[in-house]
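The chain contents come next:
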Amino acid sequence: MTIRRHLLYGFTSLTAWYAGAGYALGLGEVTLQSALNQPLQATIQLHDSEGLGPSDVVVALAGAEAFARLGMARPLSLTDLRFTPAMDNRQLVIRVESGSPINEPYLSFLVQLKRANGSLLREYTLLLDPPLYQPAPVMASSRGMAADAAQNSEDALDEE
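Residues numbered from 1 in each chain as written. Predicted model: local features only at pLDDT ≥ 70, side-chain atom pairs only at ≥ 80, totals over all residues. Heavy atoms only, no water.

Moving on, we come to the overall build of the chain. Secondary structure summary: the chain contains three helices and seven strands in total. Taken from the N to the C terminus, the helices and strands of the chain come in the order α-β-β-β-α-β-β-β-β-α. In the chain, which comprises 160 residues, the share counted as buried stands at 26%. Excluding contacts between residues fewer than 6 apart, the proportion of contacts in the chain whose partners are at least 24 apart in sequence is 56%. (Helix = DSSP H or I, 4+ residues; strand = E, 2+ residues; numbered from the N terminus. Buried < 20%, exposed > 50% of the residue type's maximum accessible area, 1.4 Å probe, protein only. Contact = heavy atoms within 4.5 Å.)

Phi is positive for Asn-37, which is not a glycine, with a value near 65°. Within the fold, Asn-37 resides in the loop between β1 (26-32) and β2 (39-47). Of the residues examined, Asn-37 reaches a relative accessible area of 48% and is grouped as partly exposed. Its identity as a non-glycine residue notwithstanding, Asn-89 has a phi of 55°, on the positive side. By the element assignment, Asn-89 lies in the loop between β4 (81-88) and β5 (91-101).

The next point concerns the nonpolar core. Leu-40, Phe-83, Leu-107, Phe-109 and Val-111 are the most contacted members of the largest nonpolar core, which totals 30 residues. When contributions to this core are tallied by element, the ones reaching two or more residues are β2, β3 (58-61), α2 (64-69), β4, β5, β6 (106-115) and β7 (118-127). The leading source of residues in this core is β6, at five residues. With residues near it in sequence (within four places) discarded, Phe-83 still touches Val-59, Ala-60, Leu-61, Ile-94, Arg-95, Val-96, Phe-109 and Val-111. (Core = buried A, V, L, I, M, F, W, Y, C linked by side-chain atoms within 4.5 Å.)

As a general point, the strands of a sheet are linked pairwise by backbone hydrogen bonds and lie either parallel or antiparallel. Within the open sheet, the four strands sit side by side as β1-β2-β5-β4. Their pairing is antiparallel. The strands lining the two open edges of the sheet, one partner per strand, are β1 and β4. Here the strands of the sheet are splayed against their neighbours by 30° on average, with no regard to which way each runs. Across five bridges, the pairing between β1 and β2 is antiparallel. Residue pairing in the sheet places Leu-32 in a bridge with Ala-42 of β2. (Pairing = 2+ DSSP bridges. Axes fitted to C-alpha atoms, helices over the stretch in contact; angles between N-to-C directions.)

Attention shifts here to the pattern of salt bridges. According to the stated counting rule, one finds two salt bridges in the structure shown. For Arg-82, the salt bridge is made with Glu-97, and the minimal N-O distance between the two is 3.7 Å. With Arg-82 in strand β4 and Glu-97 in strand β5, this residue pair connects regions lying 15 residues apart in the sequence. Judged by its relative accessible area of 40%, Arg-82 is partly exposed. (Salt bridge = Lys/Arg side-chain N within 4 Å of Asp/Glu carboxyl O.)

Structure representation (structure tokens):
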């Protein structure tokens, strides 16, 4: 009888653990799509968001009290950030955008995600590199290349 009881308790515990693990929504990594002196465009992945849609979560910049609790400054420029839940290939993501260009080389902010059964808070720091400079390719004219090849051939014959 005690073996059955232990199995029942073990099975119940395992079921409760598995059910709780199924709802472990998490804020994942951020992918930056913009550069310094451009309006911010980034995407935050959400872990374990199967079955959720954009209307199931509310995402925003964390309040001043959360910044203070973590000892972080909350510059006024962060209030320009917009956090929008969206679907990307059946995966729920958060799009982070700003209306004006970001002129600081790095940006640090707190994101708060709320849903019916709780909320999450995560800090993100973005390093904004300047856009890559790519000089125009140097084009040689075919006439110039042919003349150089002919000159090189004549020089080779003269040396013999």
